[in-house]
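Coordinate analysis (summary)
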Amino acid sequence: MSKQEDRALAQLARMYNVDTSYEDVAQRTQEASQETMVLTLRALGAPLTSAADAPNAVKERKSELAVDTMEPVVVAWSGRLFTVPIHLASAAANPTVRFTIRFETGEMRSGTVRPEPLSARSAQPGAATHRIRIGPTLPLGYHDIEIETADRVLTARIISSPRKAHSPLRQADWGVFMPLHAVRGADDWGVGSYTDLDELARWTAARGGSFVGTLPLLASFVDVCFEPSPYAPVSRMFWNELFVDVTRAPGWSPSIAHDPRGTHADRDAFVDYREVGHRKLQALRQSAERYFAAGDTAELDRYVNGHERVRDYARFRAVLDRRRESWHVWPERLRNGDLHDGDFAAEDERYHQYAQWVADTQIDTVAAASRKDSASLYLDLPLGVSPDGYDAWRERGQFAADVSTGAPPDALFTGGQDWGFRPPQPHVQRMDGHRYFIDSLRHHLRHAGMLRLDHVMALHRLYWIPAGLDARQGAYVRYPADELFAIITLESTRHSTTIVGEDLGTVPREVREQMDKRGVLRMYVVQYELSSDSDETIAVVPEDVVASVNTHDMPTLRGFVSGSELRDQLDLGLVDEATWQQAVQTRSRLVQRLAQRFDDAQNSHDLMRRVLGYLAASPARAMLINLEDLWLEPAPQNVPGTNKERPNWRRRSRFTLDQITGSQDIRDILASIDRTRAARGRAQVEEGSANNG
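Residues numbered from 1 in each chain as written. Predicted model: local features only at pLDDT ≥ 70, side-chain atom pairs only at ≥ 80, totals over all residues. Heavy atoms only, no water.

**Looking at the overall build of the protein chain**
The condition is simple: Helix numbering and strand numbering both begin at the N terminus, where a helix is a DSSP run of H or I of at least 4 residues and a strand a DSSP run of E of at least 2. The globule rule is 2.2 Å times the number of residues to the power 0.38, and the radius of gyration it is compared with is taken over C-alpha atoms. Each residue gets one of three labels from its accessible area relative to the maximum for its type: buried under 20%, exposed over 50%, partly exposed in between, using a 1.4 Å probe on protein chains only. The contact definition used throughout considers only heavy atoms, calling two residues in contact when any of these lie within 4.5 Å. Under the convention used here, a 1.4 Å probe and the Shrake-Rupley method define accessible areas, while residue burial counts only the protein chains that appear. In this charge count, Lys and Arg are treated as positive and Asp and Glu as negative; neither His nor the chain ends contribute. Every charge is mapped onto a representative atom, which is NZ of Lys, CZ of Arg, CG of Asp or CD of Glu.
The helix and strand inventory of the protein chain stands at 21 helices and 22 strands. Here the protein chain has a C-alpha radius of gyration of 27 Å; the compact-globule value for 693 residues is 26 Å, and the two agree. Taking all 693 residues of the protein chain together, the buried fraction comes to 56%. Across the protein chain, the fraction of contacts at a sequence separation of at least 24, relative to all contacts at a separation of at least 6, is 72%. For the protein chain, the accessible area works out to roughly 29,600 Å², and carbon and sulfur atoms hold 46% of it. Positive and negative side-chain charges in the protein chain, numbering 83 and 96 respectively, have mean positions lying 3 Å apart.

And the structure:
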């Protein structure tokens, strides 16, 4: 590649917000290859097929921006939008411009102003050259602005947002975590239900807890296009009907042929999604048939009429039921989203409307109870969606083609990670006013007291892997973090929901700085905060975090002490013998130091109680307790990167819900945590009063 092409490719990368290099886990600079840059830029819409096209692509991009333009989204923090930046290609021909703001309430504000030149112009094509003064503070919400110049009409979405997300009222909350698929309730179909979640939430509240966390509860495929991972859902806007309590569904009757116990001998150990799905969803379909046969569908009709996407989603699932193949191989008309009544069975469409209505109603029951005598829901919004799912089909323009999302190589995944789903297309998102992101958030915030954002770094940048290349050959693409945080703080405030960002691993400083600035809680996880080298064995717990011992992607406390996942990595070929031996030695030192740090804890049970006590006494805003740690469960729920080799997302709880809630040992542990958290909360209130005084 010539120097001219090299410079042009780098310039094009800046125009499209692509990083040409990044710092790896060892803080070494890794340069993206020419091939990576070309393919990534092409996925972003740049007109090039090779590096030789870069100079012309730069000229074309400059030509596109050599007109009157403005950013498609403008943020007004606390409603303060006194000026709006615009780019005027010919300032002399624009002595005045007229602006009109259309508020989300339907009201309007108009005016005529003279653009003010900016003193320092950026060399970047299309960058703002002028600003116009708008005036008074705007109400919070989503508004549209239209600016008429001499040559064209410019439009943008205004996000008028509070500076910080909603903050919890209490100073030292705590809650428990349990994947819903793992819960074994009284009416056990081989997988947990929303009724089980409700019972767990009420029991937690009775112990003094404030919230119950679980894995994503979104729609999944349990037959065609089977995918057990809750982080690759069919949609981020519809619930998982597999978790519906069939016995509480409208139309249910004990006369419906069903077998909640199933036939598999190991059903108490692992969820057999296909078998459970066949039995449970068949019973749900029969309940739907009885409901429709009764003739009174007024409640369902109100739900469907109030949720504009439900009909479209139900039709998509109905076509899938008939064709039993991924939408990628459907005929072109169907693939492109044009569905007709004859493309699916009407009863299948009605069933999927019914299933979403029942799921939404049952989740709403849990959420409504939290406002009275129950713990609130701590839900989880995944980063991606299944490439075979509804969102990838209907919202395909929102996702970049011919690339996937992942992570660069690190100490564990030396070959990097390819997560298999397409990344959001930043330009399309912005031109659409971030509609899809807002809809996905709102779907969860309607029911959540707390919401965890998976891979919060994605608000700033994502690692794109072009098709045909492996995960070591990706590049980072930048996202409009300010706009996305503005949406989060606005929606969080409107729904009174606390936002938590998953910021584990190697995260750029700017991400955590923005989280702190915008009131998004960080995560403190003990297993990430241990050191075998420094004077401090365990890092001090800060205040604005959700503190826990582990996550669903990590070993349980007992597994960590035994180092079982290290052996697993060796057996799977993720590490070599020498690396494994070194990791075992490091883990042994960590566990020994941890035991010494907590007064020479004698066994795993003693260590578990002391570590939890340390977190409970910390200033952390919230503490999350993995229930499985309380009985020293050795096996993890998920071993990242091993979905083919390990039964991830399938393992069920060792104990039934009745056994858990009836365990005196578990009650005693939670009672101790509640007393410690309550004392910590009182101390924080007193400290705050003293400081204010």
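**Looking at unusual backbone geometry**
Of note in the backbone geometry, cysteine 225 takes a positive phi value of approximately 60° without being a glycine. Relative to the helices and strands, cysteine 225 resides in the loop between β12 (211–213) and α5 (273–294). One non-glycine residue, histidine 434, adopts positive backbone phi at about 60°. Take histidine 434: it is sitting in the loop between α11 (426–431) and α12 (435–445).

**Notes on the sheet that holds strand β18 (residues 475–478)**
In a beta sheet, neighbouring strands pair by backbone hydrogen bonds and run either parallel or antiparallel. Under the convention used in this document: Each pair of strands is called paired provided DSSP finds at least two bridges between the two strands. Only the stretch in contact is used when a helix axis is fitted, and all axes are lines through C-alpha atoms; the angle between N-to-C directions ranges over 0 to 180 degrees.
The strand order across the open sheet formed by four strands is β15-β14-β17-β18, and the pairing between neighbours is antiparallel. The sheet terminates laterally at β15 (417–418) and β18, the two strands that pair on one side only. As judged from the four bridges shared by strand β17 (residues 461–466) and β18, these two strands associate in the antiparallel manner. Each bridged residue has a counterpart across the sheet, and for arginine 461 the counterpart in β18 is arginine 478. Contacts between helix α2 (residues 34–43) and the sheet are confined to β14 (403–407), β17 and β18, with β17 contributing the most and set at about 110° to the helix.

**Section: the environment of glutamate 60**
Position of glutamate 60 among the secondary structure elements: in helix α3 (residues 54–65). Measuring from C-alpha to C-alpha, the distance between glutamate 60 and phenylalanine 221 comes to 43 Å, with 161 residues separating the pair along the chain.

**Focus: the pattern of salt bridges**
Inclusion rule: Salt bridges are counted wherever a side-chain nitrogen of Lys or Arg sits within 4 Å of a carboxyl oxygen of Asp or Glu.
Counting across every chain of the model gives 48 salt bridges. Linking aspartate 321 and arginine 285 is a salt bridge whose minimum nitrogen-to-oxygen distance equals 3.0 Å. Of this pair, aspartate 321 sits in helix α7 (residues 310–323) while arginine 285 sits in helix α5, and the two are 36 residues apart along the sequence. Aspartate 432 serves as the salt-bridge partner of arginine 435, at 2.9 Å between the closest nitrogen and oxygen. For arginine 435, a relative accessible area of 30% puts it in the partly exposed group. One salt-bridge network, in which partners are shared between bridges, spans Arg309, Glu395, Asp432, Arg435 and Asp439.

**Observations regarding the environment of leucine 48**
Note that leucine 48 resides in the loop between α2 and α3. Sequence separation of leucine 48 and aspartate 338 is 290 residues, and the distance between their C-alpha atoms is 31 Å. Setting aside chain neighbours within four positions, we find leucine 48 in contact with Leu9, Leu12, Val38, Leu41, Arg42, Asp53, Ala54 and Ala57.

**Some points on the packing of helix α4 (residues 194–206) against helix α9 (residues 346–369)**
Here is the rule we go by: Angle categories are assigned with fixed cut-offs, so that under 35 degrees is roughly parallel, over 145 is roughly antiparallel, 65 to 115 is roughly perpendicular, and the rest are oblique. Note that Gly is not counted as nonpolar here; it falls among the polar residues with everything else outside the nonpolar set of Ala, Val, Leu, Ile, Met, Phe, Trp, Tyr, Cys and Pro and the charged set of Asp, Glu, Lys and Arg.
In the contact formed by α4 and α9, the axes pass within 9 Å of each other and the chain directions differ by 5°. Considered as vectors, α4 and α9 are oriented roughly parallel to each other. Note on element contacts: α9 touches α4 through Ala359, Gln362, Ile363, Val366 and Ala369, opposite Tyr194, Leu197, Asp198, Ala201 and Arg202. Of the residues contributing to the contact of α4 with α9, the split by class is seven nonpolar, one polar and two charged.

**Thoughts on helix α14 (residues 509–517)**
Quick reminder: α-helices carry 3.6 residues per turn. Residues three or four places apart thus point the same way. Quick note on the threshold: Note: the arc covers the axis-to-C-beta directions of the helix.
For α14, the set of buried residues is Val511, Gln514 and Met515. The buried residues of α14 occupy an angular sector of 105° when projected down its axis, which confines them to one face. Positioned one or two residues after α14, glycine 519 has a phi angle of 75°, which is positive.

**Side note on the packing of aromatic side chains**
What counts is decided by this rule: Aromatic rings from Phe, Tyr and Trp, with only the six-membered ring used for Trp, were paired whenever their centres fell within 6.5 Å, and each pair was classed as stacked if the ring planes differed by under 30 degrees, edge-to-face if by over 60, and tilted otherwise.
Following the criterion strictly, the structure yields 24 aromatic pairs and no others. Judged by centre distance (5.7 Å) and plane angle (40°), the ring pair of tyrosine 291 and tyrosine 354 falls under tilted. With tyrosine 291 in helix α5 and tyrosine 354 in helix α9, this pair connects stretches of sequence that are 63 residues apart. Tyrosine 354 carries the same exposure label as tyrosine 291, and that label is buried. Between the aromatic rings of phenylalanine 598 and tyrosine 614, the centroid separation amounts to 5.6 Å while the plane-to-plane angle is 70°, which identifies the pairing as edge-to-face. In this pair, phenylalanine 598 is assigned in the loop between α17 (577–597) and α18 (604–616) and tyrosine 614 in helix α18, connecting sequence segments 16 residues apart. Assessed through its relative accessible area of 17%, tyrosine 614 is described here as buried.

**Brief notes about the packing of α5 against α9**
Where α5 contacts α9, the axes come no closer than 10 Å and their chain directions differ by 100°. Relative to α9, the element α5 is oriented roughly perpendicular. Contacts between α5 and α9 pair Leu281, Leu284, Arg285, Ser287, Ala288, Tyr291 and Phe292 from the former with Asp348, Arg350, Tyr351, His352, Tyr354, Ala355 and Trp357 from the latter. Of the residues assigned to the contact of α5 with α9, the class counts are nine nonpolar, two polar and three charged.

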